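# Coordinates in review
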Amino acid sequence: MPSSPTRPAMEHRRRQPPAPSAPAYLAATLAFLTLAAVAYSRAAFPRFPHPPATRGCRADAEGSWSAGVFLGDSPFSLKPIEHWRISSDPGAAWPVANPVVTCADVAEAGFPSSFVANPFLFIQGDSIYMFFETKNPIASQGDIAAAVSKDAGTAWQQLGVVLDEEWHLSYPYVFSYGNETYMMPESRKKGNLKLYRAVEFPLKWELEKVLLERPLVDSVIIYFKGSYWLLGSDLSSYGAKQTGELFIWYSSSPLGPWNPHKQNPIHNTGNKPSARNGGRPFIYNDNLYRIGKYRGGGYGYTIQVFKVEVLTADQYKEVAVPFVLDKPLKDRNAWNGARSHHLDVQKLPLSQHWIGVMDGDRVLSGDSIHRLTVGCMFYGAACILVLLLGGLIGAIKCTLPLRWYLPHTEKRSDTFDIEKQVLLCHKFSWLICNVNRLGSLIGGKINYRAWKDRVYIAVIILILVVLTLLGTNYIFGGSGAEEPYPIRGRYSQFTLLTMTYDARFWNLKMFVEHYSKCASVREIVVVWNKGRSPVQGELKSMVPVRIRVENKNTLNNRFKIDKEIKTGAVMELDDDIMMTCDDLERGFKVWREHPDRIVGYYPRLAEGWPLEYRNERYARQQGGYNIILTGAAFMDHELAFKRYWSKEAEIGRQIVDSFFNCEDILLNFLFANASSASTVEYVKPAWAIDMSKFSGVAISRNTQAHYHVRSKCLALFSGIFGNLTSKRSFNSRGDGWDV
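Reference entry: report on the structure contained in this document. (Residues numbered from 1 in each chain as written. Predicted model: local features only at pLDDT ≥ 70, side-chain atom pairs only at ≥ 80, totals over all residues. Heavy atoms only, no water.)

A sheet is described by the order of its strands in space; here seven strands give the open sequence 26-25-24-27-34-29-35, paired in mixed fashion. For this open sheet the edge positions go to strand 26 (545-549) and strand 35 (680-682), each flanked by a neighbour on one side alone. Put simply, the sheet's adjacent strands are angled 25° from each other on average, direction ignored. Bridge count between strand 25 (residues 521-528) and strand 26: five bridges; the pairing is parallel. Within strand 26, the position partnered with valine 526 by the bridge is isoleucine 547. Here helix 9 (residues 581-593) sits on the sheet in contact with strand 24 (494-500), strand 27 (569-573), strand 29 (598-600), strand 34 (632-636) and strand 35, set at roughly 35° to strand 34. (Pairing = 2+ DSSP bridges. Helix = DSSP H or I, 4+ residues; strand = E, 2+ residues; numbered from the N terminus. Axes fitted to C-alpha atoms, helices over the stretch in contact; angles between N-to-C directions. Contact = heavy atoms within 4.5 Å.)

With omega at 5°, the peptide bond leading from tryptophan 94 into proline 95 counts as cis. Note on placement: proline 95 falls in the loop between strand 2 (79-80) and strand 3 (96-97). The omega angle of the peptide bond from tryptophan 609 to proline 610 is 0°, so this bond is cis rather than trans. Here proline 610 shows up in the loop between strand 30 (603-607) and strand 31 (612-614).

Here the focus is the sheet that holds strand 22 (residues 354-360). If you trace the four strands from one edge of the open sheet to the other, you get 2-1-22-21, paired in antiparallel fashion. Pairing within the sheet leaves two strands with one partner each, and these edge strands are strand 2 and strand 21 (343-347). Across seven bridges, the pairing between strand 1 (residues 66-72) and strand 22 is antiparallel. Paired with valine 69 across the bridge in strand 22 is valine 357.

The next point concerns helix 8 (residues 505-515). Those residues of helix 8 not exposed but buried are Phe505, Asn507, Leu508, Phe511, Val512 and Tyr515. Taken down its axis, helix 8 places every buried residue within 145° of arc, on the same side. Residues of helix 8 that are buried sit in contact with strand 24, strand 25, strand 26, strand 27, strand 28 (577-579) and helix 9. (Buried < 20%, exposed > 50% of the residue type's maximum accessible area, 1.4 Å probe, protein only. Arc of directions from axis to C-beta.)

Laid out in structure tokens, this is it:
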């Protein structure tokens, strides 16, 4: 009969591996999640250095408002300034694009600002002044700032803050009366409506008088049919913000005294709460129109125009009229993609055109608070899951000690208090018992040394990482907008041009849908070289898409002269290259700084004798490049395309056709032949994916053969056009984008 095992041996068999201590477990888990969050933030939110005041200011809880200019033949046919193709050589703004005034412009002038809103125009001779609210992020209140334009609203010079009080100011309605200029800003924090007079226009103002002892907002004064009318809203009464109410006063002078309208308060008659003014009333064809702000999906989502049919001391009647502005489709990538709540429109003197200025925001009110709240919720869920995992593997003991039970007093003086304490003790004891029962149920249920249980742990850790990354994205990822970069305070737009054919249609669909959302893209031109061309509706786009069908399948079509292109800059981009909109915006900024060069994302080096074509890795080893591939490059289309189709380049185009390759190398030679200075600029993308690696329709699948052909092209082109420019060093520009 076999002997039974000794007690020490049995204990050894039953002995389980010790669970990690709670402090070590928590420290290791939190360190791992922190490293994951840091790694993700560095990969997802690359911190490319850029000059100060080149981006929009950081949005606060109220948003990131800015102002844009619109022009039209009438107040009802306004188009954004970029529609009119107005150019400005400083900053290579061809054309100038909205927004024309941002908080960055105000901050660059020396006045801290987090947004600009509620702009009003005042025309004096050939100068157009813009007065607007600017929020001081230090004092957390609104001030009144001004800017002036000498070229009909194209460029604006910042004049700084012109009115600063101890209380919040906004809605700077400016008008003239007699030989004086007045401003009537909103000052409801003081409980009244004040009128200021310009002492030294437009920089110095002094208080003239208090017009009304009411905390009015969005107030305007208009002269119509022999009387002055003051329209504003009083939001101090309960429910006024929700229902929307309009108050009217009338007088023989804008200085008062003011008589109340008999119908006050005048409720909005439409089905939209647009009673609050959203800008200056205007007269067109002898009719008076009032602008109201419509509270839709967020404060001041859009504006509504009303035609005033009756305005007397006893009666008021208005009806909504159609008023359509081109609605931005790029969401947060458009400066006014989320909302607008103010419009001031006036007729330009000595012109048949009207000018309007509108504010806009790319995010809804409270967006930053919403992102912070959601991010903290994800972090909170991750913390709870960390504790749960610790309990499952036995690192954390979920047992509450008995001393936490509430003691009950032995005093008999207050029977009612004793009963309450006993009841509370009973309930708290029940809660602690259930917590302890839960801890005993889950404690040590997972053995981290068993392979099956390791799978469970891996799944839970994966969920933890996802929750952490989501929280990081919401808190530190910003609004998600990929904003453009201004040059000298001016924004512009470019045309995206790609060349493709029917076998690559699936690439084209992704290409158009993705890049049409980029802020500075004006239009997408598709050069269709072969096969059935797409029909309208097959491509999902936020901007116009023009299909240019070619009769001959040749790579020379990429640089064909196209008089229908509406911008100075063209971004030549292969349809199988995917990169972020911010990468495109950075490249566009560099091109605007060097509009006579080819600015792109793929550098190459040609050196030796005869010249040999080398890749980017080799170029970095040698410390420089002298070729930029035009499969992803910005250029001045008039300059580049005329050079490419010049008589001198004819033999080069024939070589391109013979090899069905090297059109980009030819263009680099043509630029180098026209200048002794550098003609190429490199911009490093945050990330770029070559989709041709996932398809079978790439032209250059055999890299070695492809490089051999391009080396032949180099030898032929150098014999015809001379050598390329000298090697340009990486990290030589100083902006940190060409490292």
